[in-house]
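# Summary of structural features
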Amino acid sequence: MKKLVLETERLILRTLPASYASKTLDFYESNKEFLEPYEPERQAYFYTRQHQKQMLKWDLEGLTSLSMVRFWIFKKTDPEKPIGTVALSNIIRGVFKSCFVGYKLDQKNTGNGYMTEALLKVIEYAFFVLKLHRIEANIMPRNLASLNLVTKLGFHKEGLAKKYLKICGTWEDHIHMVLLNEEI
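First things first, this report covers the structure right here in the doc. This structure is a prediction, so every number in the text was calculated from the model and none was measured.

Rules used in this analysis
- Residues numbered from 1 in each chain as written.
- Predicted model: local features only at pLDDT ≥ 70, side-chain atom pairs only at ≥ 80, totals over all residues.
- Heavy atoms only, no water.
- Helix = DSSP H or I, 4+ residues; strand = E, 2+ residues; numbered from the N terminus.
- Rg over C-alpha atoms; globule rule 2.2 N^0.38 Å.
- Buried < 20%, exposed > 50% of the residue type's maximum accessible area, 1.4 Å probe, protein only.
- Phe/Tyr/Trp six-rings, centres within 6.5 Å; stacked < 30°, edge-to-face > 60°.
- Lys NZ or Arg CZ within 6 Å of the ring centre and 35° of its normal.
- Core = buried A, V, L, I, M, F, W, Y, C linked by side-chain atoms within 4.5 Å.
- Contact = heavy atoms within 4.5 Å.
- Expected span 1.5 Å × (residues − 1).
- Salt bridge = Lys/Arg side-chain N within 4 Å of Asp/Glu carboxyl O.
- Axes fitted to C-alpha atoms, helices over the stretch in contact; angles between N-to-C directions.
- Parallel < 35°, antiparallel > 145°, perpendicular 65-115°, else oblique.
- Nonpolar A, V, L, I, M, F, W, Y, C, P; charged D, E, K, R; others polar.
- Pairing = 2+ DSSP bridges.

Counting its regular elements, the chain contains five helices and eight strands. Taken over C-alpha atoms, the radius of gyration comes to 16 Å for the chain, in line with the 16 Å a tight globule of 184 residues would show. Over its C-alpha atoms, taken along the principal directions, the chain stretches across nearly 40 × 35 × 30 Å. Burial analysis of the chain (184 residues in total) assigns 48% to the buried set.

What follows is the structure in structure tokens.
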């Protein structure tokens with residue numbers, strides 16, 4: 001099974017096998033209330049080890065088909081407890097060379113620059129390993145922390161997508177933010 005590992009000064013980012021289902025479940029359970037306002041409605045089965053195991057299998061299938069890659073974030077000081085994820089999804093090749101980026105971080109680890117560090121490394125991977133031209137992030141206008149993060153990383157606003165995604169049971173507008181790889 002294919003496994004990817006990226007490292008930064010303080011973090012290890014890696015794809016995970018299905019055997020990590022209990023650890024990813026712990027991440028989602030401990031951050032349920034924190035993440036809920038920014039995510040789709042989650043049914044009870046989402047918070048089961050079996051469903052987390054299936055999600056990790058789907059992630060690896062996406063990696064195998066080169067349609068997506070989800071890196072789980074670990075601190076080097078605690079390399080077995082995931083503190084977040086960064087995913088490149090809907091990877092499209094050909095003349096488009098594009099993907100979407102999505103990310104989430106454990107509430108107790110916000111404000112330490114971990115997501116900035118992780119995203120910088122994943123952007124480097126997307127642009128220089130996957131050779132993508134465009135990374136797109138769609139962010140709700142009320143999610144100021146996320147908007148500030150991608151703006152700091154060089155993303156620019158391309159527009160507003162009205163009622164773009166159903167988040168926590170409501171169709172939400174999203175600001176369409178884009179980072180271009182000027183080397184391609």
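Here the structure, examined in full by the defined rule, presents seven aromatic pairs. Here tyrosine 28 and tryptophan 72 contribute two aromatic rings whose centre-to-centre distance is 6.0 Å and whose plane-to-plane angle is 90 degrees, an arrangement assigned as edge-to-face. Placement of the pair is tyrosine 28 in helix H1 (residues 21-30) and tryptophan 72 in strand S3 (residues 69-75), with a sequence separation of 44 residues. Accessibility classification places tyrosine 28 together with tryptophan 72 in one group, the buried group. The interplanar angle of 85 degrees and the centroid separation of 5.4 Å between the aromatic rings of phenylalanine 71 and tyrosine 125 together place this pair among those described as edge-to-face. Of this pair, phenylalanine 71 sits in strand S3 while tyrosine 125 sits in helix H4 (residues 114-128), placing them 54 residues apart in sequence. Each of the two residues, phenylalanine 71 as well as tyrosine 125, counts as buried. Among the aromatic residues, those joined into a ring-pair cluster are Phe27, Tyr28, Phe46, Tyr47 and Trp72. Against the face of phenylalanine 74 rests arginine 14, its NZ or CZ located 3.9 Å from the ring centre.

If you look at the biggest cluster of nonpolar residues, it comprises 38 residues, and the most contacted ones within it are Leu88 and Phe155. For this core, the element with the highest residue contribution is H4, accounting for nine residues. Those residues in contact with leucine 88 that lie beyond four places of it in its chain are Ser67, Met68, Val69, Cys99, Phe100, Val101, Val122, Tyr125, Ala126 and Leu130. Residues Tyr20, Leu25, Leu35 and Trp72 belong to the second largest nonpolar core, which totals 14 residues.

What follows is about helix H3 (residues 49-64). End to end, H3 covers 23 Å across 16 residues, agreeing with the expected 22 Å (1.5 Å per residue, within 8%). Listed in full, the buried residues belonging to H3 are His51, Gln52, Met55, Leu56, Asp59, Leu60, Gly62 and Leu63. Buried positions along H3 lie against H1 and S3. Just past H3, the residue leucine 66 takes up positive phi, approximately 60 degrees.

A complete count under the given rule lists twelve salt bridges for this structure. A salt bridge links aspartate 173 to lysine 162, with the nearest nitrogen and oxygen atoms 3.3 Å apart. Pair noted here: aspartate 173 is in strand S8 (residues 170-180) and lysine 162 is in strand S7 (residues 156-167), with a separation of eleven residues, a long-range link. On the basis of relative accessible area, lysine 162 is assigned to the exposed category, the value being 59%. Members of the salt-bridge network, linked through shared partners, are Arg14, Lys23 and Glu80.

The subject of this paragraph is the packing of H1 against H3. Between H1 and H3, the least distance of the axes is 8 Å, while the angle of their chain directions is 110 degrees. By the angle between their axes, H1 is roughly perpendicular relative to H3. Across the interface between the two elements, Ala21, Ser22, Thr24, Leu25 and Tyr28 from H1 touch Arg49, Gln52, Lys53, Met55 and Leu56 from H3. Its residues assigned to classes, the contact of H1 with H3 comprises five nonpolar, three polar and two charged.

With that settled, the discussion passes to the sheet that holds strand S4 (residues 78-92). Ordered by their spatial adjacency, eight strands build an open sheet running S1-S2-S3-S4-S5-S6-S8-S7, and the pairing between neighbours is mixed. Edge positions in the sheet fall to strand S1 (5-7) and S7, since each has one partner strand and no second. Direction aside, neighbouring strands of the sheet carry axes that sit 30 degrees apart on average. Relative to S4, H1 is tilted by about 85 degrees, and along the sheet it contacts S3, S4 and strand S5 (98-105).

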